[in-house]
Amino acid sequence: MRNKEKCSCSGASIKEMLVGGMIGGAIGASIALLFAPKSGAEVRKDLSVKEWVDCSVDKVKQTASNLLNKDNEPYS
């Protein structure tokens, strides 16, 4: 019987790759914030979940209204 050997083709473990990805992501996010063309208040407003939800709800209501009105129209 053979002993099962581990294949270490790349040399970098998954843990090292994840740590490197997290560090790279943090550095990238920091640089993006430093060079952002908007102020913090503007960015927070753009990322506001409440505003996004309200806008999405309005779009769904408008689409539903359009579909309901279309049902009442005769086919051409």
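Residues numbered from 1 in each chain as written. Predicted model: local features only at pLDDT ≥ 70, side-chain atom pairs only at ≥ 80, totals over all residues. Heavy atoms only, no water.

**Student:** When you look at the overall build of the protein in this model, what are you seeing that I'm missing?
**Tutor:** Scanning the protein for helices and strands turns up 3 helices and 0 strands. Overall, the protein shows an N-to-C arrangement of helices and strands of α-α-α. Looking at the 76 residues of the protein, the share that counts as buried comes to 0%. As displayed, the protein has an accessible area near 7,800 Å², and 63% of this comes from carbon and sulfur atoms. (Helix = DSSP H or I, 4+ residues; strand = E, 2+ residues; numbered from the N terminus. Buried < 20%, exposed > 50% of the residue type's maximum accessible area, 1.4 Å probe, protein only. Areas by Shrake-Rupley, 256 points an atom, 1.4 Å probe, with all protein chains shown as cover.)

**Student:** What am I meant to see in the UniProt feature "transmembrane region" (unreviewed entry) in the protein here?
**Tutor:** Mapped onto this structure's residue numbering, the UniProt feature "transmembrane region" (unreviewed entry) falls at residues 18–36. What you have in residues 18–36 is 89% helix and 0% strand, and the ends, taken at the C-alpha atoms, are 26 Å apart. (UniProt positions renumbered as here; feature names shortened; annotations may be inferred.)

**Student:** Just checking my understanding: could you explain the confidence of the model for the protein for this structure?
**Tutor:** Atomic detail in the predicted coordinates should be set aside for any region of low pLDDT. With 78% of its residues at a pLDDT of 70 or more, the protein shows a mean pLDDT of 78. By mean pLDDT, the top-scoring element of the protein is helix α1 (residues 14–34) (90), and the lowest-scoring one is helix α2 (residues 40–46) (78). (pLDDT = per-residue confidence, 0-100.)

**Student:** Before we go on, may I ask you to explain a nonpolar patch on the surface in this structure?
**Tutor:** Taken together, the side chains of V19, I23, I27, I31, L34 and F35 make up a nonpolar region of the molecular surface, amounting to roughly 650 Å² of accessible area. Checked against the element boundaries, I23 lands in helix α1. Under the relative-accessibility criterion, I23 is labelled partly exposed at 48%. (Patch = residues over 30% accessible without salt bridge, like charges linked within 9 Å, V, L, I, M, F, W, Y side chains within 5 Å. Salt bridge = Lys/Arg side-chain N within 4 Å of Asp/Glu carboxyl O.)

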